[in-house]
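Per-entry structural report
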Amino acid sequence: MKEVINLFSSPVLTTQLNFPVDKIEILCQQERLKNPKGVIKSNLGGWQSDNIIYPNSPFSFLLDIETICQELAKDVLNINQPVFLSNAWININQKHNLNHLHTHANCILSGVYYIKTPDGCGNIQLFHPAVDLMDRDWKFDVESNFNVYNSSKWWLPAKEGMLYIFPSWLKHLVDPNMSDEERISISFNVQ
């Protein structure tokens, strides 16, 4: 009997959350006013905040995201120790701004929650852990029938209210915002 075994899978949790994104957008803009310069992490252009202090702040909805991360760590990854959101930050990208290819070191999980996503604002791309080897060695035509076995990268749509959580070692980037409006998201790490 033939069997295909899914070895070394990369879990990516996706879920639509019903937080009031219009109110969260206002909070994000208020944070930008406090520090208009922001910080530079993975962003090329755009604005990123310093770490958000959330347990006793208007960003307390992040505690619900932390609970989802804890469930993923326990139920899927079989991590039998407490995990928590170690940091979170705001991303505001204007037209042509993007986030280059990167990972998040010294964490278990990373993720993004989308607040404002106008059409053409740029999707997140996740890369297979062996992307360099696949691109080097797999020179065959799959006739645009990419699947989880033969794809070196996979994109997920930037969609308002959508939460994505993935292993922090999974390389990812955010495509350029081609909209005339800002794309706003909150990214985070879990330890």
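Our subject is the structure listed above.
A quick note: this is a predicted structure, and the numbers were derived from the prediction, not measured.

All right, on to the sheet that holds strand S7 (residues 124-127) then. Strand-to-strand pairing in sheets goes through backbone hydrogen bonds, with the strands running parallel or antiparallel. Strands sit in the order S2-S5-S10-S7-S8 across an open sheet of five strands; the sheet is antiparallel. The strands lining the two open edges of the sheet, one partner per strand, are strand S2 (43-44) and strand S8 (153-156). Taken together, the two bridges between S2 and strand S5 (residues 98-102) define a ladder with antiparallel strand orientation. Looking at S5, one finds that Asn43 is bridged to Asn99.

Within this structure, the stated rule accounts for seven salt bridges. Its salt-bridge partner being Lys171, residue Asp132 comes within 3.6 Å of it at the nearest N-O pair. Within this pair, whereas Asp132 is found in helix H3 (residues 131-137), its partner Lys171 is found in the loop between strand S9 (162-167) and strand S10 (172-174), the two being separated by 39 residues in sequence. For Lys171, a relative accessible area of 27% translates into the label partly exposed.

Phi at Asn78 takes a positive value of approximately 60°, unusual for a residue other than glycine. With respect to the helices and strands, the residue Asn78 is situated in the loop between helix H2 (62-75) and strand S4 (85-93). Note on Asn78: relative accessible area 58%, which makes it exposed. The backbone of Asn106 shows a phi angle near 60°, a positive value even though the residue is not glycine. Inspection of the secondary structure puts Asn106 in the loop between S5 and strand S6 (109-116).

Here the focus is the nonpolar core. Ranked by internal contacts, the top residues of the largest apolar core, which has 32 residues, are Phe59, Leu62, Ile65, Tyr113 and Ile186. Broken down by secondary-structure element, the contributors of at least two residues to this core are helix H1 (21-34), H2, S4, S6, S9 and strand S11 (183-190). In terms of residue count, the dominant contributor to this core is H2 (six residues). In contact with Ile65, other than residues within four places in its own chain, are Leu17, Phe19, Tyr113, Leu163 and Phe188. Of all hydrophobic cores here, the second largest spans 11 residues; its members include Tyr114, Ile124, Met162 and Leu170.

About the cut-offs
Residues numbered from 1 in each chain as written. Predicted model: local features only at pLDDT ≥ 70, side-chain atom pairs only at ≥ 80, totals over all residues. Heavy atoms only, no water. Pairing = 2+ DSSP bridges. Helix = DSSP H or I, 4+ residues; strand = E, 2+ residues; numbered from the N terminus. Salt bridge = Lys/Arg side-chain N within 4 Å of Asp/Glu carboxyl O. Buried < 20%, exposed > 50% of the residue type's maximum accessible area, 1.4 Å probe, protein only. Core = buried A, V, L, I, M, F, W, Y, C linked by side-chain atoms within 4.5 Å. Contact = heavy atoms within 4.5 Å.

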